[in-house]
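# What the coordinates show
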Amino acid sequence: MEIAGPAKMLKIYIGESDKWHGKPLSTELVQRLRSEGMAGATVLRAVEGFGANSRVHTAHILRLSEDLPLVVEVIDRPDRIEHILPIIDEMVGDGLVTMLDVQVVHYRHSTNKQG
């Protein structure tokens, strides 16, 4: 897959304890995005944050949370991002989804296998 130039970044803010059909939502999102042929996805785990309910989730030892904030980032062509929005809407109940315009400067993988 080739991506260069104008693209869209989807950022999906969820909680570590969020589920989709009994499985971790972040894992299920990544698997679904992969099966839809997206260029890639990354899950980032935050050390602290709060959302719409204003409850603070933190990794500080005195207030250890088992529900830390997660951000799933997806970058692809605008048409491909638009295609997956209904899927994201279906899967993400509580959370925040944002979309940004980005410029892809470099996206490639090595064709040389080492091992």
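Up top is the structure.
Here the structure is a predicted model, which is why all the values come from computation and not from measurement.

## Re the overall build of the protein
Each helix and strand counted, the protein has two helices and eight strands in total. When the helices and strands of the protein are placed in sequence order, the string is β-β-β-α-β-β-β-β-α-β. Every one of the 115 residues in the protein was classed for burial, and the buried ones make up 32%. Taking all contacts inside the protein whose residues are at least 6 apart in sequence as the whole, residues at least 24 apart take part in 76%. Just so you have it, the protein exposes about 8,000 Å², and 52% of that area is on carbon and sulfur atoms.

## Remarks on the pattern of salt bridges
Counting across every chain of the model gives six salt bridges. One salt bridge in this structure joins R77 and D79, with 3.2 Å as the shortest N-O distance. Relative accessible area serves as the criterion here: at 47%, D79 is assigned to the partly exposed category.

## Quick look at the nonpolar core
A general tendency of soluble globular proteins is for nonpolar side chains to be buried together. Among the nonpolar cores identified, the biggest contains 17 residues, and I12, I14, L29 and I88 are the most heavily contacted of them. Within the residue set of this core, elements represented by two or more residues are β1 (5–15), α1 (25–35), β7 (69–76) and α2 (78–91). The biggest single contributor to this core is α2, with five residues. Excluding residues that lie within four positions of it along the chain, I88 makes contacts with L10, I12, L29, L33 and V97.

## Some words on the sheet that holds strand β4 (residues 41–45)
Reading across the sheet, the four strands line up as β4-β7-β1-β8 and stay open at both edges, with antiparallel pairing between neighbours. A single partner strand is all that each edge strand has here, and the edge strands are β4 and β8 (96–104). Strand-to-strand twist of the sheet, defined as the mean angle between neighbouring strand axes without regard to direction, takes the value 25 degrees. Pairing geometry for β4 and β7, over five bridges, is antiparallel. Each bridged residue has a counterpart across the sheet, and for L44 the counterpart in β7 is V71. Contacts from α2 reach β1, β7 and β8, with the element oriented near 20 degrees to β1.

## Examining α2
Here α2 contains 14 residues, and its C-alpha end-to-end distance of 20 Å stays within 8% of the 20 Å for a straight helix at 1.5 Å per residue. Residue L85 marks the point of greatest curvature in α2, where the axis turns by about 35 degrees; the proline P86 follows within four residues. When we look at burial in α2, the residues that qualify are R80, I81, I84, I87, I88 and M91. The inward-facing, buried residues of α2 abut β1, β2 (19–20), α1, β7 and β8.

## Considerations on the environment of E82
Mapped onto the fold, E82 is located in helix α2. E82 sits in the partly exposed class, given a relative accessible area of 44%.

## Thoughts on α1
When α1 is considered as a whole, its buried residues turn out to be L25, S26, E28, L29 and L33. For α1, the arc enclosing every buried residue in end-on projection is 160 degrees, short of the 170-degree limit, so these residues lie on one face. Counted as exposed and oriented over 90 degrees from the buried face of α1: R34 and S35. Buried residues along α1 sit against β1, β2, β3 (23–24), β4, β7 and α2.

The rules we used
- Every chain begins its residue count from 1, and numbering advances along the sequence as written.
- Two thresholds apply to this predicted model, a pLDDT of at least 70 for residue-level local features and 80 or more for giving and counting side-chain atom pairs, whereas whole-chain, interface and lining totals are computed over all residues.
- Side-chain metrics in this entry use all non-hydrogen atoms of the structure; hydrogen atoms and water are not considered.
- Under the DSSP-based scheme used, a helix requires at least four consecutive residues in state H or I and a strand at least two consecutive residues in state E, with every element numbered from the N terminus.
- The rule is simple: take the accessible area with a 1.4 Å probe, protein chains only, and divide by the maximum for that residue type; under 20% is buried, over 50% is exposed, in between is partly exposed.
- By definition in these notes, contact holds between two residues if any of their heavy atoms fall within 4.5 Å.
- Per-residue and other accessible areas follow the Shrake-Rupley method at a 1.4 Å probe size, with only the shown protein chains counted as cover for residues.
- Throughout this description, the term salt bridge denotes a Lys or Arg side-chain nitrogen within 4 Å of a carboxyl oxygen of Asp or Glu.
- We call a set of buried Ala, Val, Leu, Ile, Met, Phe, Trp, Tyr and Cys residues a nonpolar core when their side-chain atoms join them within 4.5 Å.
- Paired strands are those between which DSSP finds at least two bridges.
- Interaxial angles span 0 to 180 degrees and are taken between N-to-C directions of axes, which are lines fitted to C-alpha atoms, for helices over the stretch in contact.
- By this rule the span expected of a helix is its residue count minus one, scaled by 1.5 Å.
- Here the bend at a residue is taken as the angle between two axes, fitted respectively to the seven residues that end there and the seven that start there.
- Taking the helix axis as origin, the arc is that swept by the directions to the C-beta atoms.

These results come straight from atomic positions and should not be treated as a statement about function.
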